[in-house]
Amino acid sequence: MDALIMKGRSIFEVLVGALVLITAIGFLSYAVTSTGRSAPTGGLTLTAKFDRIDGLSPGADVRIAGVKVGSVSSQRIDPTTFLAVLTLQVDSALRIPEDSSAEITSEGLLGGKYVAIVPGGADRILASGGEIRITASAVSLEALLGRFIFSVTDLASQRQPGAAEAPAPARP
């Protein structure tokens with residue numbers, strides 16, 4: 001009798017395990033298809049050169065006014081200028097002015113990075129294969145914190161130890 005109960009329990013555990021595995025696969029496939037990280041299809045291909053692209057990787061968003069309009073398709077180093085060259089795939093329905101700028105921006109203090117395009121006001125429009133010439137590189141949070149700490153330390157060392165005000169005399 002115990003062997004029959006154990007055999008039934010084993011089959012039940014296998015079925016529950018299979019159900020959990022199928023559910024996990026379902027969640028994984030949903031996550032992959034709904035994140036918008038699919039391969040770029042068509043669109044406008046633009047390039048932009050940056051001094052630094054800290055933390056930005058292929059597949060990162062390209063946004064205009066906070067709205068996703070494309071993605072970073074590749075990155076490389078220009079061997080002559082040693083600048084990072086990003087290739088961007090942008091929605092072909094957009095008419096991006098030639099004097100537009102691109103900047104690497106963070107979603108927040110600990111958020112991911114993306115490329116923000118700020119449209120200019122020129123009449124000429126960037127064609128596929130064009131280059132966004134006005135760029136602003138990523139700001140390094142570590143460098144900013146280092147400068148802040150250095151300036152506070154420098155300020156503290158400049159204060160004279162005897163410069164503190166003497167206590168006011170007591171009133172009669």
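The structure contained in this document is the topic of the report that follows. (Residues numbered from 1 in each chain as written. Predicted model: local features only at pLDDT ≥ 70, side-chain atom pairs only at ≥ 80, totals over all residues. Heavy atoms only, no water.)

## A word on the side chain of D78
Turning to step 1, where the next piece is worked out: Along the chain, D78 turns up in the loop between β3 (67–77) and β4 (84–90).
Turning to step 2, where the next piece is worked out: For D78, a relative accessible area of 11% corresponds to the buried category.
Turning to step 3, where the next piece is worked out: Among the polar contacts made by the side chain of D78, one reaches the side chain of K49 at a distance of 3.4 Å.
Turning to step 4, where the next piece is worked out: Not counting residues within four places of it along the chain, the set of residues in contact with D78 comprises K49, L83 and V85. (Helix = DSSP H or I, 4+ residues; strand = E, 2+ residues; numbered from the N terminus. Buried < 20%, exposed > 50% of the residue type's maximum accessible area, 1.4 Å probe, protein only. Polar contact = N/O pair within 3.5 Å; in protein donor to acceptor, adjacent residues only side chain to side chain. Contact = heavy atoms within 4.5 Å.)

## A short note on the pairing of strand β2 (residues 61–64)
Turning to step 1, where the next piece is worked out: Burial of the side chains of β2 extends over both faces: D61 and R63 are buried on one face and V62 and I64 on the other.
Turning to step 2, where the next piece is worked out: The pairing of β2 with β3 spans four bridges and is classified as antiparallel. Its bridge partner lying in β3, R63 is registered against K68.
Turning to step 3, where the next piece is worked out: Taking the residues between adjacent antiparallel strands as the criterion, β2 and β3 are bridged by two residues, where A65 takes a positive phi near 55°.
Turning to step 4, where the next piece is worked out: Bridge count for β2 against strand β6 (residues 113–118) is two bridges, and the pairing is parallel. Counted as the bridge partner of R63 is A116 from β6. (Pairing = 2+ DSSP bridges.)

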